[in-house]
Amino acid sequence: MASKIVVNNYGSFDVTMVKGKGSTCYDINGKKYIDFLAGIAVNCLGHNFKPLVKAISKQAKKQIHVCNYFVSDIGVQYATELLGRTGFDAVYFGNSGAEGNEAAIKLARKYGYLNGGEKRRVIYTLESSFHGRTLATLTATGQDKFHPACFAPYVDCFKTIKANDWEAIKTAFDDTTAALLIECVQGEGGVNIVDAEWAKAAADAARKAGAIVMADEVQTGFGRTGTLLASEQLGFEPEVVSFAKGAAGGVPFGGILIRGKAADVFKAGDHQSTFGGNPLACAAGLVVLNELTKPGFLESVSEKGEYMRKAIAGFGAKCVGEIRGKGLMIGVDMIEPVNAVEVEKKLLAKGLLTSTAGKNTLRIVPPLNISYKEIDEGLSILKDVLLSE
Ligand SMILES: *Cc1c(COP(=O)(O)O)cnc(C)c1O
């Protein structure tokens with residue numbers, strides 16, 4: 001099977017997906033699945049979304065790739081729209097979440113160097129955070145299980161603090177701190193929401209020590225939590241924001257938004273990517289941005305999220321613990337001995353796509369334009385499985 005051909009890094013289920021429409025997918029045997037996963041918060045406009053397909057096809061006919069010796073018209077158009085709608089000063093385009101964070105890390109290191117020399121090197125991240133699978137972003141990830149001995153040595157000068165720990169921020173930051181990187185809603189960590197008051201206080205303390213503040217919004221951006229960026233809701237105004245997953249509705253994309261004193265750190269030659277700013281991705285990104293900023297769209301994301309959380313709480317299932325979330329990023333704690341991975345497998349068998357996160361949490365991140373009909377269909381499968389546990 002697939003695992004014999006592709007490196008078996010993923011432990012993939014033995015399901016071969018072939019197509020989708022809206023928030024419904026079909027496998028090679030024609031079996032139907034309601035999509036509460038969206039390719040891990042990526043397919044934000046669902047499957048076969050006509051304007052997205054049209055824009056990608058149109059761009060493919062014009063030019064698929066340009067390379068950064070030149071600028072592309074669609075790249076300029078997308079960047080202009082993105083900066084206009086988010087209020088940032090500049091954008092760097094890469095191709096994935098890890099690459100976005102890698103760019104943020106390099107920017108922070110250079111910022112520290114320019115504002116404190118060799119000693120201002122340390123980048124703080126949060127415990128339970130996830131920042132990617134490259135060596136630097138793995139090191140930045142605040143979970144020991146991602147740091148096995150086989151990949152050592154890791155990258156120097158990363159430290160972690162605990163989210164919502166008021167004592168820690170009194171003393172953590174000093175003239176060796178280059179940046180604080182906050183994952184606003186910890187997706188992989190179990191859908192843990194960072195407290196807004198704490199995030200603001202932590203950002204103030206880091207800035208007072210001369211550091212910049214960055215947000216990893218790879219999973220939360222754009223629109224997933226009911227605002228374009230989750231950091232808008234937390235209010236700590238990061239100088240750098242990484243984005244990826246849903247940004248281009250399924251086309252690989254990522255990068256960082258930059259503003260204020262972080263805006264002019266990168267100079268020609270500091271950081272580059274061959275595919276960065278790929279025209280197909282920019283054309284797709286533009287469609288996503290236009291859909292998300294249509295009147296009422298982001299409000300509907302919040303409303304659907306609330307509707308789903310309420311419905312799940314209303315099942316009265318004994319195995320359900322805390323239900324957390326913002327917008328359509330939802331975590332449902334399973335109470336042991338019920339195991340989230342086993343529940344995920346049962347849901348898959350019954351035709352509902354979900355994922356797991358953290359210690360024992362079922363994670364629900366459907367397309368942002370999922371219909372209430374599909375939500376109800378998915379919830380009914382979820383109810384059956386959770387009540388049978
Ligand atoms: C998924 C994710 C990443 C890594 O993104 P890739 O595209 O897999 O490299 C980084 N940070 C967060 C918060 C993520 O959810």
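The notes below deal with the structure included here. Small disclaimer: the values here were computed from a predicted structure and weren't measured.

Parameters and conventions
- Residues numbered from 1 in each chain as written.
- Predicted model: local features only at pLDDT ≥ 70, side-chain atom pairs only at ≥ 80, totals over all residues.
- Heavy atoms only, no water.
- Helix = DSSP H or I, 4+ residues; strand = E, 2+ residues; numbered from the N terminus.
- Buried < 20%, exposed > 50% of the residue type's maximum accessible area, 1.4 Å probe, protein only.
- Polar contact = N/O pair within 3.5 Å; in protein donor to acceptor, adjacent residues only side chain to side chain.
- Salt bridge = Lys/Arg side-chain N within 4 Å of Asp/Glu carboxyl O.
- 1 Å grid on protein atoms, 1.4 Å probe; cavity = no way out; pocket = protein on both sides within 12 Å on 5 of 7 lines; lining within 4 Å.
- Points joined across faces, edges and corners; volume = space filled by probe spheres on them.
- Nonpolar A, V, L, I, M, F, W, Y, C, P; charged D, E, K, R; others polar.
- Domains from an automatic or database assignment.
- Phe/Tyr/Trp six-rings, centres within 6.5 Å; stacked < 30°, edge-to-face > 60°.
- Lys NZ or Arg CZ within 6 Å of the ring centre and 35° of its normal.

## Description of the side chain of Ser-129
Okay, step 1: Inspection of the secondary structure puts Ser-129 in the loop between strand E5 (122-126) and helix H6 (135-140).
Okay, step 2: What makes Ser-129 buried here is its relative accessible area of 0%.
Okay, step 3: Within the local environment of Ser-129, its side chain forms a polar contact with the backbone oxygen of Leu-126, the two atoms lying 2.6 Å apart.

## Some thoughts on the pattern of salt bridges
Okay, step 1: With the rule as written, the count across this model stands at 14 salt bridges.
Okay, step 2: Two residues, Lys-110 and Asp-270, come together in a salt bridge whose shortest N-O distance is 2.6 Å. With Lys-110 in helix H5 (residues 97-114) and Asp-270 in the loop between strand E12 (254-258) and helix H10 (279-292), this pair connects stretches of sequence that are 160 residues apart.
Okay, step 3: On the basis of relative accessibility, which here comes to 25%, the residue Asp-270 falls in the partly exposed class.
Okay, step 4: Put simply, Glu-342 and Lys-345 hold a salt bridge, and the shortest N to O gap is 3.6 Å. Of this pair, Glu-342 and Lys-345 both sit in helix H12 (residues 340-349), three residues apart, roughly one helical turn.
Okay, step 5: Each of Glu-322, Arg-324 and Asp-333 takes part in one network of salt bridges that share partners.

## Focus on empty space enclosed by the protein
Okay, step 1: For the structure shown, the criterion picks out one cavity of 30 Å³ or more.
Okay, step 2: Each pocket or cavity is described by its volume, and for the largest cavity that value is around 30 Å³.
Okay, step 3: In terms of lining, the largest cavity is formed by Ala-41, Cys-44, Gln-219, Gly-221, Phe-222, Arg-224, Gly-246 and Leu-368.
Okay, step 4: Considering only residue class, the lining of the largest cavity consists of four nonpolar, three polar and one charged.
Okay, step 5: Here the lining of the largest cavity spans two domains, since at least three of its residues come from each of domain 1 (2-48 + 296-388) and domain 2 (63-292).

## Quick look at the packing of aromatic side chains
Okay, step 1: Summed over the entire model, instances satisfying the criterion amount to nine aromatic pairs.
Okay, step 2: Their ring planes at 45 degrees and their centres at 5.7 Å tell us that Tyr-78 and Phe-253 sit as a pair that is tilted. On the criterion of sequence distance, the pair formed by Tyr-78 in helix H4 (residues 73-86) and Phe-253 in the loop between strand E11 (240-243) and E12 is long-range, its members being 175 residues apart.
Okay, step 3: Accessibility expressed as a relative area gives 3% for Phe-253, which makes it buried.
Okay, step 4: Consider the rings of Tyr-307 and Tyr-372, whose centres lie 5.1 Å apart with planes at 90 degrees: the pair is edge-to-face. Of this pair, Tyr-307 sits in helix H11 (residues 297-314) while Tyr-372 is found in helix H13 (residues 372-387), placing the two residues 65 residues apart along the sequence.
Okay, step 5: Grouped by ring-pair contacts, the aromatic residues Tyr-78, Phe-93, Phe-222, Phe-243 and Phe-253 constitute a single cluster.
Okay, step 6: The cationic tip of Lys-19 hangs over the ring face of Tyr-26; the distance from NZ or CZ to the ring centre is 5.8 Å.
Okay, step 7: The side chain of Arg-259 reaches across the aromatic face of Phe-88, ending 3.9 Å from its centre.

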